[in-house]
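Chain by chain, the residues:
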Protein chains: 4
Amino acid sequence: MKIGFIGLGNMGAPMALNLLKAGHQLSVFDLSEAAVASLVEAGAERADSPQAIAGGGAELIVTMLPAAPHVKSVYLGDEGLIACSRPDVMLIDCSTIDPYSAREVAAAAASHGNPMLDAPVSGGTGGAAAGTLTFMVGGSAEHFQQAQPVLAAMGKNIVHCGDSGNGQVAKVANNMLLGISMIGVSEAMALGVSLGMDPKTLAGIINTSSGRCWSADTYNPFPGVMDNVPASRGYSGGFGSDLMLKDLGLATEAAKLARQPVLLGALAQQIYQGFSLQGNGGLDFSAIIKQYTRES
Amino acid sequence: MKIGFIGLGNMGAPMALNLLKAGHQLSVFDLSEAAVASLVEAGAERADSPQAIAGGGAELIVTMLPAAPHVKSVYLGDEGLIACSRPDVMLIDCSTIDPYSAREVAAAAASHGNPMLDAPVSGGTGGAAAGTLTFMVGGSAEHFQQAQPVLAAMGKNIVHCGDSGNGQVAKVANNMLLGISMIGVSEAMALGVSLGMDPKTLAGIINTSSGRCWSADTYNPFPGVMDNVPASRGYSGGFGSDLMLKDLGLATEAAKLARQPVLLGALAQQIYQGFSLQGNGGLDFSAIIKQYTRES
Amino acid sequence: MKIGFIGLGNMGAPMALNLLKAGHQLSVFDLSEAAVASLVEAGAERADSPQAIAGGGAELIVTMLPAAPHVKSVYLGDEGLIACSRPDVMLIDCSTIDPYSAREVAAAAASHGNPMLDAPVSGGTGGAAAGTLTFMVGGSAEHFQQAQPVLAAMGKNIVHCGDSGNGQVAKVANNMLLGISMIGVSEAMALGVSLGMDPKTLAGIINTSSGRCWSADTYNPFPGVMDNVPASRGYSGGFGSDLMLKDLGLATEAAKLARQPVLLGALAQQIYQGFSLQGNGGLDFSAIIKQYTRES
Amino acid sequence: MKIGFIGLGNMGAPMALNLLKAGHQLSVFDLSEAAVASLVEAGAERADSPQAIAGGGAELIVTMLPAAPHVKSVYLGDEGLIACSRPDVMLIDCSTIDPYSAREVAAAAASHGNPMLDAPVSGGTGGAAAGTLTFMVGGSAEHFQQAQPVLAAMGKNIVHCGDSGNGQVAKVANNMLLGISMIGVSEAMALGVSLGMDPKTLAGIINTSSGRCWSADTYNPFPGVMDNVPASRGYSGGFGSDLMLKDLGLATEAAKLARQPVLLGALAQQIYQGFSLQGNGGLDFSAIIKQYTRES
């Protein structure tokens, strides 16, 4: 299949490589020449602009961009991807953006005759490289069916979440809960240990009780409780605090537009913002437990 | 074994019954005559006071009381259970109280020569009746070993949490996290649904993603997502909101004494307090999602 | 002076009337024909579009619009007010919007040669009618000097806050603090009264102590403490809860862009959002105390 | 008048000195021998115990103690001040404690025939030395009248707050609001400055607008905005963060017992607890703004 790919950053580059490996023919674009060169070396064709990709015969175009303004700027307008694409070229945006923006872009695509899916991912750069990402996909069931083989070349778990924008809804709802849980686990672990408990014993009890959650049993933030998690290697690697901060910002923004209160979600965002202000935005998001422990 | 049992409320009565069923000889006390009569009918012996139990030859005494002031009043002082007990009678307090009070009572017991365990439970009245409670036990490893057969008559999961008070620490830490998680799930589910997602689809995604937690996959608060949970029967039964409020109060009180911040924990307590002020304290604690949804 | 006025809502209409009263020649535009007709009856000239105002010889144009998207849509683009205005026509936007949008529009004006001020107001519809508004003005000192006589026809307190956008900064910072203070006073009054104090006595003490603030001494939310405030007439009139919610949303949005934490500000926003969800958005913002008191 | 004084700490010692200066005859007790010696040098009589003061003919006894457990231990029990005092000796407790404990002690005094007042102060060590404290007094109007001349020797503003415990209610309600306001001002000032405003200009606008409050116009936390406040001398002196933390703890504890939600109050407590955990408890409470500013 002839596929265009726009956005070759930490996530986009390995995703594009997996499409190449699956035998697809790829034309790629990124503002970074180095990123493009690396893909070209792997067998992709260079495109000089998003418009060139749209005009170059791609049957399907994937985008992976930093935030909603980039997505709108690439897709919309007289020079945008939608205007320059042949109708019926399928458009798949894998960026994580707010659901309202995703729906605005999808509506523009629909009125131009282009099937479109929002398909944000989880799984991090590791999952992107290994081709084990989870895709949360919004759009019609028919378009979801059509896109599944392509997405399956990049991920393992491809979930249809409902109509346009619902991929983004699933992602912001899940990640808001994740941010709340991680802070909750941090408070519970730090409290229990300061009251005299052994951290491994406490984690063991929580993990078999009603406090059980992914942040405690798979990604515990207390140093030394689990091997092979960021907490056991100085909070390097993993999912950065500033990325969690971005997702919490998307959640509270979506909640504002939906006129929906999110008390813990908003407080979680502010706690991560305070952590970032102190210069910790580059640490894994489980490092938030440092806000609750005395430095030794 | 000759066992004394003090406190025959919703939890204590079925626990005492399970000790009888296991073949132990029981003498019981409660301020409610009806509660005592019911146990006596089942084969227990009536005692007229805690002192009578202590003086009546019990080898082990179990207490199940509402709060720390009751525990202190029963155990401490010249007329207290400790002063009136033969040294080496084992004392097991199953009440949920703050760790500091638990340690104060355990220290008094130790100086009188009595082995003592704090052993708060989880599992609710259903678990108490079925004998499937979880016991979180604080005290020495030796005393834990001695008490295990007795506790096993009332519960399924008997966990040693470390020294005196640590049973209470485990319980307040776990339940604080549970309260945070339940509100977090409520916010995430209500947000996702208000943004257009189907609640079962959203729960399915969360339950296989990083937002996964007991409050979402075992006790989901959104009506209709799961069968056989309080959310699907008008939030009746289960673990009452005012009991969650009590446990969050114990957690923030313990955090204050430990000089430990708990931002989400404290906010969770206040959210449940506001819910209780509106007259909802008797509903199951998953009903907190009503704070986030429009009444239809 | 020949002045254009765009946006004749609850605030804009009385502001425009005051400009007429001060002897200025006015051309006006609004999407509502009724709003325009009412001003025309008072002596203004009708314009058929913002472009007509820009092209009609106005020396100065005032806008009073609901939110940032309206402001951008009116000012920017090929058909926008800036593109259609003679260079050196002064532009004054009195809308309350986020500082970043205000600066974006001011920069566009500057590059077209138009002096521009952001001048959000406080004082409500009463102050707009009486001509006693406070204007918080961002822009150069020279432009501030030039605009002052015009603003003085609509307000009493005209404050220069610094460069472009700083009028909006002052407003969002002040109003975020106001929202926090009003909830703080509500919590303190409700707590004190539930603990047995007379509300007037408590207010008297707070107002002469370190808790003193505008929300307590000028606009007390507890019913019966002060005359002539919304709390003493069922929370009608005044500054609506949904307007406070909008301003708190602007504050947290600006904080997000500035990467600045605002824990109490974000929680205040969510508390007002919950209040609005329950159908109370139309009540005066001091009605938030209802979240803290038992209905009698 | 023959007065007993128990508790000669940072506040108690200068208060006792002012009673001496006013011509009263004083017998004093403190656990610290140095504190007693200093008062004896100034003309007071040494007492060896609280009981000695009660038995020594004092017509009125003032206590100034750190927390509720000390107050209960001094007043209650067979050896307590109440049991050892002649009926009709007036007892005045100036400690800051929770209203429930104050009422418990006052009830014990009443049943022994002793008039009692709770009379916590504000004004700090400076006000204690200068005799300009504010006394918030709970108890009967008659007893308040009788005590007023004695309190007037130590303070300037003597306010009757209603029945027993209401002095404490007024203090916890006011100080909870103060903690909220100080954090609110810190968030608003830090946000405004990070968005580009001059701090003095912003404070000037807030102080003449609806955000006006004591924390902004009398004790502004932003360095350089006001002279002669802790913010302009490295946050030394003033009212320590750990004292604010104690008062917020009293407020949330009282709220828990009154079953009253205090969302911002509880969050303020946790923010100060986090600040204290980082080692800042000894700084003035306006230093909380450091949580919101980048260290230069």
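Residue indices begin from 1 for each chain and proceed along its sequence in written order. Chain A is the first chain written and ligand 1 is the first ligand written, with later ones labelled in order. Whole-chain, interface and lining totals are the exception, using all residues; otherwise, since this is a predicted model, local features are given only for residues with pLDDT of at least 70 and side-chain atom pairs are given and counted only at 80 or more. Just so you know, side-chain values use all the structure's heavy atoms and leave hydrogens and water out.

We now examine the relation of the copies chain D and chain C. The two copies are related by a screw operation: chain D maps onto chain C through 180 degrees of rotation and 0.0 Å of translation along the axis, at an RMSD of 0.1 Å. When the rotation and shift are considered jointly, the pair of chain copies conforms to a two-fold rotation axis. It is C213(D) whose C-alpha, among those of chain D, lies nearest the rotation axis, at 2.0 Å. Looking at the interface residues of chain D, 100% of them are also at the interface in chain C, so both copies use one shared face. Only residues with pLDDT of at least 70 in both copies count here: their C-alpha atoms drive the least-squares fit that superposes the copies. Contacts are assigned to residue pairs with any non-hydrogen atoms lying within 4.5 Å of each other.

Residue and element names in this part refer to chain A. As used throughout, domain bounds are those supplied by an automatic or database domain assignment. As far as domains go, chain A holds domain 1 (2–163) and domain 2 (169–292). Between the C-alpha centres of domain 1 and domain 2 the distance comes to 30 Å. Buried area: the accessible area, evaluated with a 1.4 Å probe, that two parts lose upon being put together, summed over both parts. For the domain 1 and domain 2 pair, buried surface summed over both sides reaches about 890 Å², with 71% attributable to carbon and sulfur atoms. Considering only the side of domain 1, the residues that lose the most area to domain 2 are T96, P99 and Y100, jointly responsible for 51% of the buried surface there. What counts as a salt bridge is simple: a side-chain nitrogen of Lys or Arg found within 4 Å of a carboxyl oxygen of Asp or Glu. There are zero salt bridges connecting domain 1 and domain 2. Side-chain atoms alone can form a polar contact between residues adjacent in sequence; in general such a contact is a pair of N or O atoms within 3.5 Å, and within protein one must be able to donate a hydrogen while the other accepts it. Along the contact surface separating domain 1 from domain 2 lie five residue pairs in polar contact (both at pLDDT 80 or more). Sort the elements by how many residues they give to the side of domain 1 that touches domain 2 and helix α6 (residues 99–111) lands first, with three residues. Put simply, DSSP H or I for four residues or longer makes a helix, DSSP E for two residues or longer makes a strand, and each gets a number counted from the N terminus.

All names here are of chain C. The buried label goes to any residue with under 20% of its type's maximum accessible area, the exposed label to any with over 50%, and the partly exposed label to all in between, with areas taken from a 1.4 Å probe on protein chains only. Neither face of strand β4 (residues 60–63) is left uncovered, since the one carrying L60 and V62 and the one carrying I61 and T63 both have all their residues buried. Note on pairing: two strands pair once DSSP finds at least 2 bridges between them. The sheet contact formed by strand β1 (residues 2–6) and β4 spans four bridges and is parallel. The residue bridging I3 from the neighbouring strand is L60, located in β4. Relative to strand β5 (residues 90–93), β4 runs parallel, the two being bridged by four bridges. Directly across from L60, in β5, lies its bridge partner M90.

With that out of the way, let us pick up the state of the cysteines. Residue and element names in this part refer to chain C. Whenever a pair of cysteine sulfur atoms sits within 2.5 Å, that pair is classed as a disulfide. This model, assessed by the stated rule, comprises zero disulfides over all chains. No disulfide involves C94; its sulfur sits 13 Å from the nearest other cysteine sulfur, which is in C161. By relative accessible area, C94 is classed as buried at 1%.

With 58 residues of chain D at the interface, the matching set in chain C holds 58 residues. Summing both sides of the interface, chain D and chain C together bury roughly 4900 Å²; the carbon and sulfur share of this comes to 65%. Inspection of the region where chain D meets chain C yields two salt bridges. Residue D217(D) pairs with R212(C) through a salt bridge whose shortest N-O separation is 3.1 Å. Across the chain D-chain C interface, the total number found is 24 residue pairs in polar contact (both at pLDDT 80 or more). Looking at the side of chain D that touches chain C, the elements that each hand over two or more residues are α6 (99–111), β9 (155–162), α9 (166–194), α10 (199–207), α11 (214–217), α12 (241–257) and α13 (263–280) of chain D. No other element matches the 20 residues that α9(D) contributes to the side of chain D that touches chain C. Amino acids outside the nonpolar list (Ala, Val, Leu, Ile, Met, Phe, Trp, Tyr, Cys, Pro) and the charged list (Asp, Glu, Lys, Arg) are all regarded as polar, and Gly is one of them. When grouped by side-chain class, the residues that make up the side of chain D that touches chain C number 35 nonpolar, 17 polar and six charged.

Moving on, we come to the packing of aromatic side chains. Under the pairing criterion, centres of Phe, Tyr and Trp rings, with the six-membered ring standing for Trp, must be within 6.5 Å; the plane angle then separates stacked pairs below 30 degrees from edge-to-face pairs above 60, leaving the rest tilted. Under the defined criterion, the tally for this structure stands at twelve aromatic pairs over all chains. With centroids separated by 5.6 Å and ring planes inclined at 75 degrees, the aromatic side chains of F239(B) and F285(B) adopt a geometry described as edge-to-face. With a gap of 46 residues between them, F239(B) in the loop between α11 (214–217) and α12 (241–257) and F285(B) in the segment after α13 (263–280) connect regions that are remote in the sequence. F239(B) sits in the partly exposed class, given a relative accessible area of 22%. The exposure class assigned to F285(B) is buried, which follows from its relative accessible area of 1%. Aromatic pair W214(D) and Y219(D): ring centres 4.8 Å apart, planes at 20 degrees, arrangement stacked. You'll find W214(D) and Y219(D) in the same group, each marked buried. Through pairs of rings, three or more aromatic residues link up here, namely W214(A), Y219(A), F239(A) and F285(A).

Once that is clear, we can look at the UniProt feature "domain: 3-hydroxyisobutyrate dehydrogenase-like NAD-binding" (unreviewed entry) in chain A. UniProt positions are given in the numbering used here, feature names are shortened, and annotations may be inferred rather than shown by experiment. Under the UniProt annotation, "domain: 3-hydroxyisobutyrate dehydrogenase-like NAD-binding" (unreviewed entry) lies at residues 165–291 of chain A. Split by type, residues 165–291 of chain A is 61% helix and 0% strand. Its first and last C-alpha atoms lie 34 Å apart.

Expressed as a screw transformation, the operator carrying chain B onto chain D has a rotation angle of 180 degrees and an axial translation of 0.0 Å, and the superposed copies differ by an RMSD of 0.0 Å. The residues that chain B uses at the interface reappear at the interface of chain D in 100% of cases, marking a shared surface.

What follows is about the environment of F135(D). Residue and element names in this part refer to chain D. Checked against the element boundaries, F135 lands in strand β8 (residues 133–138). F135 sits in the buried class, given a relative accessible area of 0%. Among all residues touching F135, those that are not within four sequence positions of it are M15, C94, A119, P120, V121, L151, M154, G155, N157, I158 and V159.

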